[in-house]
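Commentary on secondary and tertiary structure
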Amino acid sequence: MSASLFIKTICVLFLLPPLASEKEFIKEYDESGTLIKEGWVENDLKEGYWVYYFQDGSTQKKGHYHKDKKEGYWYFYSEEKALLKEGHFASGIKNGWWIFYERNKKVKMQFENGKREGFALEYTNHGLQKAIKYEGNQKKGEWTSLWSFRKDNPQVQF
């Protein structure tokens, strides 16, 4: 191999981006040494599964990242270890169905690009209690009777 070909090859190799990026699992601690979060990092961005913790070590939230943005299904918990909400993210924005848990009820709500879009369905131990329709994050209707809801929205299937 000639010296000029060798130098050209070396120059090309240094100019090319790395063929494979390094993915590493990290753990972060607060000042007192308590684990507060752990997950995967690739190219200095959160990538893959992450878990965040409360001071007592219980889970605060967990889910996946893609290029430092929440992606896919996530779960969020209270300090009392109760599930507060769960739902889908797309590029860090709420999208699709979310479920919010309160003391005696559960609300399933549709999101599109981070805004309420579609229906919110409120359930108690006695079943479906209320349906609310949203368009562009604005409330457009509310029904407390399944009969009146079906009458006004015959095309909707749940």
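Provided above is the structure to which this section pertains.
Residues numbered from 1 in each chain as written. Predicted model: local features only at pLDDT ≥ 70, side-chain atom pairs only at ≥ 80, totals over all residues. Heavy atoms only, no water.

Let's talk about the pattern of salt bridges
By the definition in use, this model includes nine salt bridges. Taking the shortest distance from any N to any O, the salt bridge between Lys105 and Glu122 comes out at 3.5 Å. In this pair, Lys105 is assigned in the loop between strand E7 (93-101) and strand E8 (106-112) and Glu122 in strand E9 (residues 115-124), connecting sequence segments 17 residues apart. The exposure class of Glu122 is buried, given its relative accessible area of 17%. The shortest N-O distance in the salt bridge between Lys130 and Glu142 comes to 3.6 Å. Placement of Lys130 in strand E10 (residues 127-135) and of Glu142 in strand E11 (residues 138-143) is noted, with a sequence separation of 12 residues between them. Here Lys130 falls in the partly exposed class, since its relative accessible area comes to 22%. Using a relative accessible area of 36% as the deciding quantity, one classes Glu142 as partly exposed. Each of Glu102, Lys105 and Glu122 takes part in one network of salt bridges that share partners. (Salt bridge = Lys/Arg side-chain N within 4 Å of Asp/Glu carboxyl O. Helix = DSSP H or I, 4+ residues; strand = E, 2+ residues; numbered from the N terminus. Buried < 20%, exposed > 50% of the residue type's maximum accessible area, 1.4 Å probe, protein only.)

Concerning the pairing of strand E3 (residues 45-53)
Counting buried positions over the nine residues of E3 gives seven, a clear majority of the element. One ladder, built from five bridges, connects strand E2 (residues 35-42) with E3; its direction is antiparallel. For Glu42, the partnering residue across the bridge sits in E3 and is Leu45. Counting the residues in the hairpin turn of E2 and E3 gives two residues, including Asn43, whose phi is positive at 55°. Direction of pairing for E3 relative to strand E4 (residues 59-66): antiparallel, over a ladder of six bridges. In the sheet register, Val51 faces E4, and the bridge partner there is Lys62. (Pairing = 2+ DSSP bridges.)

What about the pairing of E11?
Two strands pair when backbone bridges link them, and E10 and E11 are joined in this way by five bridges, in the antiparallel orientation. Within the sheet, the bridge partner assigned to Tyr134 lies in E11 and is Lys139. Hairpin connection from E10 to E11: two residues lie between these consecutive antiparallel strands, with Gly136 at a positive phi of about 55°.

Describing the sheet that holds strand E1 (residues 23-29)
Read across the sheet, 11 strands follow the order E1-E2-E3-E4-E5-E6-E7-E8-E9-E10-E11 without closing on themselves; strand pairing throughout is antiparallel. Of all strands in the sheet, those with a lone pairing partner are E1 and E11, marking the two edges. Across this sheet, the average inter-strand angle for adjacent strands is 10°, counted without regard to direction. (Axes fitted to C-alpha atoms, helices over the stretch in contact; angles between N-to-C directions.)

Focus: the nonpolar core
The biggest cluster of nonpolar side chains holds 15 residues, and the ones touching the most others in it are Trp74, Trp98, Met109 and Ala120. Those elements giving two or more residues to this core turn out to be E3, strand E5 (69-77), E7, E8 and E10. A total of three residues in this core trace back to one element, the largest contributor, which is E8. When neighbours within four sequence positions are excluded, Met109 is seen to be in contact with Gly96, Trp97, Trp98, Phe100, Arg116, Phe119 and Ala120. If you look at the next biggest cluster of nonpolar residues, it comprises six residues, including Phe119, Leu121, Ala131 and Phe149. (Core = buried A, V, L, I, M, F, W, Y, C linked by side-chain atoms within 4.5 Å. Contact = heavy atoms within 4.5 Å.)

Structural notes on the packing of aromatic side chains
Applying the stated criterion across every chain, the model contains 15 aromatic pairs. Between Phe25 and Trp40, the ring centres sit 5.2 Å apart and the planes meet at 70°, which makes this aromatic pair edge-to-face. Here Phe25 is found in strand E1, whereas its partner Trp40 is found in strand E2, with 15 residues between them in sequence. Aromatic side chains Tyr65 and Trp74 sit 5.2 Å apart centroid to centroid with 85° between the ring planes, which places their arrangement in the edge-to-face category. One exposure class covers both Tyr65 and Trp74, and it is buried. Just above the ring of Phe76 sits the side chain of Lys85; from NZ or CZ to the centre is 4.9 Å. Taking NZ or CZ as reference, Lys94 lies 5.0 Å from the ring centre of Trp98, over its face. (Phe/Tyr/Trp six-rings, centres within 6.5 Å; stacked < 30°, edge-to-face > 60°. Lys NZ or Arg CZ within 6 Å of the ring centre and 35° of its normal.)

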